[in-house]
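A look at the structure
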Number of protein chains: 2
Amino acid sequence: MPSPAFSTDCSSSSTARFLPFTRSSVNRSATAVFLRSPIHHVAAPPPAVSTSLKIRTFVVRSSATSSSHAASVAANDTSSSAKVIDGKLVAKQIREEIAVEVAKMKEATGVVPGLAVILVGDRKDSATYVRNKKKACDSVGIKSFEAKLPEDSTEEEVLKFISEFNNDSSVHGILVQLPLPPHMDEQKILNAVTIEKDVDGFHPLNIGRLAMRGREPLFVPCTPKGCIELLHRYGVQIKGKRAVVIGRSNIVGMPAALLLQREDATVSIVHSRTKNPEEITKQADIIISAVGQPNMVRGSWIKPGAVVIDVGINPVEDASSPRGYKLVGDVCYEEACKVASAVTPVPGGVGPMTIAMLLSNTLSSAKRVEIEWLGK
Amino acid sequence: MPSPAFSTDCSSSSTARFLPFTRSSVNRSATAVFLRSPIHHVAAPPPAVSTSLKIRTFVVRSSATSSSHAASVAANDTSSSAKVIDGKLVAKQIREEIAVEVAKMKEATGVVPGLAVILVGDRKDSATYVRNKKKACDSVGIKSFEAKLPEDSTEEEVLKFISEFNNDSSVHGILVQLPLPPHMDEQKILNAVTIEKDVDGFHPLNIGRLAMRGREPLFVPCTPKGCIELLHRYGVQIKGKRAVVIGRSNIVGMPAALLLQREDATVSIVHSRTKNPEEITKQADIIISAVGQPNMVRGSWIKPGAVVIDVGINPVEDASSPRGYKLVGDVCYEEACKVASAVTPVPGGVGPMTIAMLLSNTLSSAKRVEIEWLGK
C-alpha cells in the first residue's frame, strides 16, 4: 500500500493536502484519537435518547433513528444511500447508561468508580486530552484523579504515583498520558500499572486473553471495543461474515481483528505489506480501517452493501476552513456512502466511542472489585 | 464447514472411515500431536545431513536434497509435482544442531538445559508421550526431570512439584502432561508454571506478546513454530504473501496466524463458522491447516503453486493396515501433490517438528538464563 498512490481527498475539486502529522493519529494512545478532534465539543448536542433501549436491539433503520444529528454529520453527502452510523449519538447514549449504573452503584455500595490519569510535562495537546477525560468522568459521576508532574521528573517519581494509584482502592482505572518525555522508558512505566486497573487494555496479558478462546481479558482496548459496540448497536451481524481489518496496530487493528474473530467473523488483516489491498477489502461484509491514510479506501474497494467502520482521523489542509485544515477518515466518505449499507462519518463516528469505552472499562473495573468484595 | 460434507479419505477406492477420536488430535497438547504417531519410531532413519547448513538457506529443490527418506514418505504419490516438505529430516537436522549447542553450552558454562515433565495418573498414551520426550531430551543432551504422581493426587501435591521445578535452577522448561485427572483445575495448574519456564508457550502473556508488534514472547508454541520453521528451511517466502490458516485453536491455528502476520503475510483465518472456506483457501499462497478433519482440504481448495502445511494427524480406519487404522492429514495429500508446489506429508511433516521445537525452546530458556547470569 504505497501512500503516494492514495488521493488525500476524494473530492476531485479539493485542494486538501495530507498534513505531515496524520500518521500518528492512529498510532497514538487510543484516547488521544478521540480527543484529537475539537469538533466534538463545538457540534450541537445530539437529541435525547431513551436509556431504556436494550444494547443489542438498538437498530438504526431510517432517518427516524439516525437522528437530526446524524443528518447534520452527513450534511455534505447529497447522494448517500448508506446509513450513517452515528458514533456521537451512541456514545452519548452509552454515557447516559453509565451514569445510571454509577448512580446505582453509589446508592447500593457507597462506592463510585475512579479513574486516575498521570500527566508528565507541559504538552498542550496532552493537557487538553487529560482535561477532556476529566470532563467525561464528571459527566457520568466517575471520580477523576490527576497526577501532574513536571517534564524533568524522574522515572522513579512517575512510578511512585503509579504505585500509589495501584494501592488506592478508590482508583479503579489508571491511564498514563502518552507520550512520556523522551528520557523515560515508556514500556517500563506502562508495565507498572497493575493489570486490574489497566483500563486501556494494552497489557500483553489482556491481549493474550483476548486472542485465546475460553479466556476473558480484564479489559478490551477502547477504540476497537467502540468499533464492535457500534456494530452491535446498529444490529450488524458479525458471525459468519467476512471481515477485513485494514491496519495492524497494537491499539486498534490487531485487537479489532481479535474481537471480530471472537464473534465468529472470518477475518483477514490487510497492512502495508499487502499486495492487493483493494481486492481483499472488496470481499468484506465488514471493513474496519485504522491506518491513518486520508481517503485511502475508495468506493471501488467496498463491496456493495458492506458496513464500513472508519477509525482514521486525519487532518488535511483545507483553505476554506477557518482552522486551515479539516478532518477526514481513512475511507473516502462520499464514495463509501454510495456503495456501503452503513458507514461511520469522520468526525462523529468511532472517535466519540473511544472515551465512552474508557468510562465503560472504568465502571466494569469498579464493578469487578465490588463483586469480588461481596464474594468474600 | 459442516463435517459430513468432507470425505474421510480422498482415495475413492478406500474404505477408510473417520475414527471417533480424530478431533482431539489437534486439540490436545501440541507435543501429544507429535507423539501420537508411532510410525516415527519404526521408519528408517533419514540420511545424515550436514549440520553446517545455514538455517535460512537450506532449500530443498529436488530429489537430491529432498532425500531418499522424503521419496519414501511420498511413495504412494505417483503423479506428484509438489516438493515434499520433509519434517522428519528437518527435525533430525534441528536436533543435531541443538545437540551441538548443548555441548557448547556445557563446555563453556558447565550447565546443561533441563526439561521437567509432570505426569499425573496412569494413562498409557500419556506415559508413552512422556517417555518419548525423555528419549528426545537424551538424544540431544538435555537433562530430563520427571515427576510421576498417582491419579488420586491432590492439586496441592501437583502445585508443590511445579513450585519445586520453578525454583530449581537446573530446570529451564516445565511441561505438565495433559490431560490432568478430571478433579483438577487444569488452568490453575498450568498458570502455576512460571512464565520463564513455559516452554509450551501457551501462557496468555506469551500469546499477548506474540500478537503485539514490538514485543517478543519468551516462548512460541511448539507446533506453529515448527510450521514456520519448515517454511523458513524450505526457503518459502512469507512476506507479502497471502496466507490462510484453517482452524483457530489456542495451540496451533491462532498462534500460527500471529506468527505469519509477524512475518508480514496477509493472513485470513478460516474456521467452523466460515461460509466459503474453499473459496478463501484457494486465494492463499501458503495454507496451514489445523482442524483435525481428515482430507477436508481437497485439491480444488488449493491455488496452483501454493505451499501446504498440514498439521492434522487423523487416524482413519484402514482394513489393509495391521493396526486397523492409518494416519491422514487435514489435506487430501494425493490431490494436494498435483496442485501445490510443496506439501507436508502426514505422518512425517509437521509432527516431528513439534518435539524438535520443544527442545529448541528448552535450549533457548537455558541460554536466556545464562546470558542474564553473565550480564549480572
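Residues numbered from 1 in each chain as written. Chains lettered and ligands numbered in written order. Predicted model: local features only at pLDDT ≥ 70, side-chain atom pairs only at ≥ 80, totals over all residues. Heavy atoms only, no water.

1. A few points about the packing of aromatic side chains
Taken as a whole, this structure holds 2 aromatic pairs over all chains when the rule is applied. Consider the rings of Phe145 of chain A and Phe165 of chain A, whose centres lie 6.4 Å apart with planes at 65°: the pair is edge-to-face. Here Phe145 of chain A, found in strand 3 (residues 143-149), pairs with Phe165 of chain A, found in helix 7 (residues 155-167); they are 20 residues apart in sequence, far enough to count as distant. The burial state of Phe145 of chain A is the same as that of Phe165 of chain A; both residues are buried. In this arrangement the basic side chain of Lys160 of chain A is found over the ring face of Phe161 of chain A, its NZ or CZ atom lying 5.6 Å from the centre. Arg368 of chain B extends its terminal NZ or CZ atom over the ring of Phe219 of chain B, reaching a point 4.8 Å from the ring centre. (Phe/Tyr/Trp six-rings, centres within 6.5 Å; stacked < 30°, edge-to-face > 60°. Helix = DSSP H or I, 4+ residues; strand = E, 2+ residues; numbered from the N terminus. Buried < 20%, exposed > 50% of the residue type's maximum accessible area, 1.4 Å probe, protein only. Lys NZ or Arg CZ within 6 Å of the ring centre and 35° of its normal.)

2. A closer look at the sheet that holds strand 3 of chain A
Residues and elements named next belong to chain A. Taken in spatial order, the 3 strands of this open sheet run 3-2-4, and their pairing is parallel. Either end of the sheet is taken by a strand with one partner, and the two such strands are strand 3 and strand 4 (173-176). With strand direction ignored, the average angle separating the axes of adjacent strands in the sheet is 15°. For strand 2 (residues 114-120) and strand 3, the ladder comprises 7 bridges, and the chain directions are parallel. Residue pairing for strand 3: Val117 is matched across the bridge by Glu146. The strands touched by helix 6 (residues 124-140) within the sheet are strand 2, strand 3 and strand 4, with strand 2 carrying the most contacts at an inclination of about 170°. (Pairing = 2+ DSSP bridges. Axes fitted to C-alpha atoms, helices over the stretch in contact; angles between N-to-C directions. Contact = heavy atoms within 4.5 Å.)

3. Quick look at the environment of Ser170 of chain A
Residue and element names in this part refer to chain A. Within the element layout of this structure, Ser170 appears in the loop between helix 7 and strand 4. If we ignore the near neighbours within four places in the chain, the residues touching Ser170 are Val112, Gly114 and Phe145. A polar contact of 2.6 Å, which involves the side chain of Ser170, links it to the side chain of Asp168. (Polar contact = N/O pair within 3.5 Å; in protein donor to acceptor, adjacent residues only side chain to side chain.)

4. Section: the pattern of salt bridges
For the coordinates displayed, the defined rule picks out 28 salt bridges over all chains. A salt bridge links Asp264 of chain A to Arg273 of chain B; the shortest N-O distance between them is 4.0 Å. Taken together, the residues span two chains, with Asp264 of chain A in the loop between helix 11 (253-262) and strand 6 (266-270) and Arg273 of chain B in the loop between strand 6 (266-270) and helix 11 (277-281). We classify Asp264 of chain A as buried; its relative accessible area is 14%. The closest approach of N and O atoms between Arg262 of chain B and Glu216 of chain B, which form a salt bridge, is 3.2 Å. (Salt bridge = Lys/Arg side-chain N within 4 Å of Asp/Glu carboxyl O.)

5. Describing unusual backbone geometry
Backbone phi values are negative for most residues with the exception of glycine, while trans is the configuration of most peptide bonds. Residues and elements named next belong to chain A. Along the chain, Leu178 connects to Pro179 via a cis peptide bond; the corresponding omega equals -5°. By secondary structure assignment, the location of Pro179 is in the loop between strand 4 and helix 8 (186-191). A cis amide bond links Val346 to the next residue, Pro347, at an omega of -5°. Residue position: Pro347 is located in the loop between strand 11 (342-343) and helix 14 (351-375). Positive phi is not limited to glycine here, since Asp264 has a value of about 70°. In this model, Asn295 sits at a positive phi of 55°, which is unusual for a non-glycine residue. Mapped onto the elements of the fold, Asn295 is located in the loop between strand 7 (286-289) and strand 8 (307-310).

6. Quick look at the relation of the copies chain B and chain A
If you rotate chain B by 180° and push it 0.0 Å along the axis, it lands on chain A with an RMSD of 0.0 Å. In short, the pair behaves as if placed about a two-fold rotation axis. Considering only C-alpha atoms, the residue of chain B closest to the rotation axis is Gly208 of chain B, which sits at 1.7 Å. (Least-squares fit on C-alpha atoms with pLDDT ≥ 70 in both.)

7. Thoughts on the sheet that holds strand 3 (residues 143-149) of chain B
Residue and element names in this part refer to chain B. Taken in spatial order, the 3 strands make up an open sheet running 3-2-4, and their pairing is parallel. Each edge of the open sheet carries a strand with a single partner, namely strand 3 and strand 4 (173-176). Between one strand axis and the next, the sheet turns by 15° as a mean value, whatever way the strands run. Pairing analysis gives 4 bridges linking strand 2 (residues 114-120) to strand 4, with the strands arranged parallel. Its bridge partner lying in strand 4, Leu115 is registered against Gly173. In the packing of helix 5 (residues 124-140) onto the sheet, the strands contacted are strand 2, strand 3 and strand 4, and the crossing angle to strand 2 comes to about 170°.

8. Quick look at the packing of helix 9 (residues 222-233) of chain B against helix 10 (residues 253-262) of chain B
All names here are of chain B. In contact at an axis separation of 8 Å, helix 9 and helix 10 are set at 40° when each is read in the N-to-C sense. Considering the angle they form, helix 9 stands oblique to helix 10. Considering the relative orientation of helix 9 and helix 10, their crossing is right-handed. The segment helix 9 lies against helix 10, with Pro224, Lys225, Ile228 and Leu231 engaging Pro255, Ala256, Leu259 and Leu260. Looking at side-chain class alone, the contact of helix 9 with helix 10 contains 7 nonpolar, no polar and 1 charged residues. (Parallel < 35°, antiparallel > 145°, perpendicular 65-115°, else oblique. Left-handed = near helix turned anticlockwise from the far one by under 90°. Nonpolar A, V, L, I, M, F, W, Y, C, P; charged D, E, K, R; others polar.)

9. Overview of the interface of chain B and chain A
Put simply, an interface is often sized by how much accessible area is lost when its parts join up. Taken together, the 34 residues of chain B in the interface contact 34 residues of chain A. Both faces combined, the contact of chain B with chain A buries some 3300 Å², and carbon together with sulfur accounts for 49% of it. For the interface between chain B and chain A, the tally reads 16 residue pairs in polar contact (both at pLDDT 80 or more). Mapped by element, the contributors of at least two residues to the side of chain B that touches chain A are helix 7 (186-191), helix 8 (204-211), helix 10 and strand 6 of chain B. For the side of chain B that touches chain A, the element with the most residues is helix 8 of chain B, which contributes 6 residues. Here the residues of the side of chain B that touches chain A sort into 11 nonpolar, 13 polar and 10 charged. (Buried area = accessible area lost by both parts, 1.4 Å probe.)

10. Here we look at the pairing of strand 2 of chain A
All names here are of chain A. Taking burial as the measure, the 7 residues of strand 2 include 7 buried ones, the bulk of the element. Alternating residues of strand 2 divide into Gly114, Ala116, Ile118 and Val120 and Leu115, Val117 and Leu119, and every residue in both groups is buried. In the classification by handedness, the crossover that spans strand 2, the intervening helix 6 and the parallel strand 3 is right-handed. (Right-handed = clockwise from strand over helix to strand, strands pointing away.)

11. What about the nonpolar core?
Counting 122 residues, the largest nonpolar core has Leu231, Leu260 and Ile288 of chain A together with Leu231, Leu260 and Ile288 of chain B as its most contacted members. Each residue touching Leu260 of chain A, except ones within four places of it in the same chain, is listed here: Ile228, Leu231, Ile238, Ala243, Val245, Ala265, Val267 and Ile288 of chain A. (Core = buried A, V, L, I, M, F, W, Y, C linked by side-chain atoms within 4.5 Å.)

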